[in-house]
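If you want the building blocks of each chain, they are given just below.
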Amino acid sequence: MTLGLSRGGAVGLTALLLSGGCGDDGPAGSGPLPPLVTDAIPAGFPARAAAARAPAENALTEARAQLGKRLFFDERLSRTGEVACASCHRQEHAFADPDPVSRGVDGRLGQRNAPALVNLAWSESFLWDGRAATLEEQAGMPIEHPDEMGLSLAEAVARVAGDDAYVEAFADAYGGPPGEEPLRQAIASFVRSIVSADSPYDRHLRGDDTSFGDAERRGEALFLSERAGCFHCHPAGRLTNEGFFNNGTYLDGGDVGRQRITGRTGDLGKFKVPGLRNIAASAPYMHDGSLATLEDVVDHYDRGGLGHVSTDPQIEALGLSPDEKADLAAFLRSLTDPAFLDDPRYRP
């Protein structure tokens, strides 16, 4: 069982979305929604499928993904009953947050920008500093964080255990009552099912350039060139190398990033390289939400970052022309998958 699209277009996303499924009912008169868990691999993605990357004890199933979706949107998983995972990860923003940093319980501000939850089934580590090794581990962190949802996992379980529908859903998905481990596993299963792979760029990878014009092609060529060097961290296909990188956003006294986890001097100011699918919908950018637009991002790299000595040596002034900057921005906008941003399967 895999997720997304097959290389060469043998299975198209449109066909997947129009095929039958066992998900919740769609809009009135439209019949049941297709399943969250599908069986194709996006072009340019690792051949090892998303489901195969799930841990054996949390095999990816439709029942688990559907349970996780309900939990993802449930505000009862916060101390105040007013904040859900979905509060900071909004579908129309590629499951990111349009605010530089998110507000949690009691209006408390977080410290980092909420990252987009797109194609994480293929990721190797999670959160900006990589402190979570699995989605299951990550899923419990926002619930218990005092500035986010502020609720112990034990209390979260107690709340859902009082709901007969939840008790039945946990039994169907995990063969037992609600518990801390299956709660985390279910949320992780839903996140694994969030796949975007039908942007103009994705169709371009499959040989369809109908929506991939001259500016996008010039921007792609520049993106993949040694002159701009974007592909070193964002290789074609997945658009992330899963590494950690100081991209020139660090200044003295700022967020030390990966160094907080490893203690290594060389990790100062490093943050995980994000994937770029739907990047135009997930503004603002960087770990701190400090760049408001794609043009700001292109300008940041064009000038070689903020100039701190810790910046990776690959980050250097590029000297791009206005037309080249516009082409790069056009390419980045071609990574937008409108059907994904409005996919009814991901709605509560």
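Keep in mind that this is a model prediction, so the values were computed, not measured.

Undergrad: I tried to follow unusual backbone geometry on my own but got confused; where do I start?
TA: Negative phi characterises most residues that are not glycine, and trans characterises most peptide bonds. Cis geometry marks the peptide bond from Ala283 to Pro284, where omega comes out at 0 degrees. Along the chain, Pro284 turns up in the loop between β2 (271-272) and α12 (294-302). Even without a glycine there, the phi angle at Asp106 is positive, about 60 degrees. Assignment of secondary structure puts Asp106 in the loop between α4 (85-88) and α5 (135-144). Phi angles above zero are rare outside glycine, and Asn278 is one such case at about 60 degrees. Here Asn278 lies in the loop between β2 and α12. Asn278 gets classed as buried once you look at its relative accessible area, which sits at 0%.

Undergrad: Explain the side chain of Glu220 to me, please; I cannot follow it from the model alone.
TA: Secondary-structure assignment places Glu220 in helix α10 (residues 214-223). Despite its burial, Glu220 remains without a salt bridge, the nearest opposite charge being carried by Arg217 at 7.3 Å. For Glu220, the residues in contact, after removing those within four places along its chain, are Tyr201, His204, Phe212 and Phe331.

Undergrad: Teacher, can you tell me more about the pattern of salt bridges here?
TA: For side chains bearing opposite charge, pairing can occur when the charged atoms are close. If you walk through the whole model with that rule in mind, you get 28 salt bridges. A salt bridge links Arg206 to Asp198; the shortest N-O distance between them is 2.8 Å. Under the relative-accessibility criterion, Asp198 is labelled buried at 12%. The partner of Arg227 in a salt bridge is Glu324, with the nearest N and O atoms 2.3 Å apart. Within this pair, whereas Arg227 is found in the loop between α10 and β1 (244-245), its partner Glu324 is found in helix α13 (residues 322-333), the two being separated by 97 residues in sequence. For Glu324, a relative accessible area of 22% translates into the label partly exposed. One salt-bridge network, held together by shared partners, links Arg112, Asp129, Arg131, Asp255 and Arg260.

About the cut-offs
Residues numbered from 1 in each chain as written. Predicted model: local features only at pLDDT ≥ 70, side-chain atom pairs only at ≥ 80, totals over all residues. Heavy atoms only, no water. Helix = DSSP H or I, 4+ residues; strand = E, 2+ residues; numbered from the N terminus. Buried < 20%, exposed > 50% of the residue type's maximum accessible area, 1.4 Å probe, protein only. Lys, Arg positive; Asp, Glu negative; His and termini not counted. Salt bridge = Lys/Arg side-chain N within 4 Å of Asp/Glu carboxyl O. Contact = heavy atoms within 4.5 Å.

This is a description of form; function is not addressed.
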